[in-house]
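Structure at a glance
This is what each chain is made of:
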Amino acid sequence: MLTFFIATRAAGLGADVSHRGGRAGFVSLQGDRRLSWPDYAGNYMYMTLGGLDLDPRCGLLFLDWERGRALHLSGRARIDWDAERAATVPGAQRMIDLDVDEVLDVEGTMPLRWSFGDYSRFNPS
């Protein structure tokens, strides 16, 4: 199970932080500094996508609950609306590509620990 939080900010919309999650491998490396992940149906408010459309700068926070580490990434994201590309990932409606500008890996940042229990029945396979 992999989970991360994405933070966006855009004039007129303000700031937004949203959760993204899926099975291990749903975030893929597409080169030295590019990540991609599928975007699924959410609450239909499009705050994250709207923010990225107005200002592609964003930050991602990956939390390692088992080891207490945090990985911070910042960069510029692009929404790929190509239906054929999205169709390669079950349940995806579009793909997001992030060109990473900065990386910060912090050990011992979280005193809380968590271990994986089971996948949500709503998680696309």
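Bear in mind the structure is a predicted one, so any value in this text is a computation, not a measurement.

Concerning the sheet that holds strand β1 (residues 2-10)
The strand order across the open sheet formed by seven strands is β2-β1-β5-β6-β7-β4-β3, and the pairing between neighbours is antiparallel. Looking at which strands have only one partner, the edges of the open sheet turn out to be β2 (14-22) and β3 (28-29). Where strand β6 (residues 69-80) and strand β7 (residues 94-106) come together, eleven bridges link them in antiparallel fashion. In the strand pairing of β7, Arg-78 is matched with Asp-97.

Side note on the environment of Arg-76
One can find Arg-76 in strand β6. Considering only alpha carbons, one finds Arg-76 and Asp-99, 23 residues apart in sequence, at a separation of 5.4 Å. Leave out the neighbours within four places in its chain, and Arg-76 touches Pro-56, Arg-57, Asp-97, Leu-98, Asp-99 and Asp-101.

About the cut-offs
Residues numbered from 1 in each chain as written. Predicted model: local features only at pLDDT ≥ 70, side-chain atom pairs only at ≥ 80, totals over all residues. Heavy atoms only, no water. Pairing = 2+ DSSP bridges. Helix = DSSP H or I, 4+ residues; strand = E, 2+ residues; numbered from the N terminus. Contact = heavy atoms within 4.5 Å.

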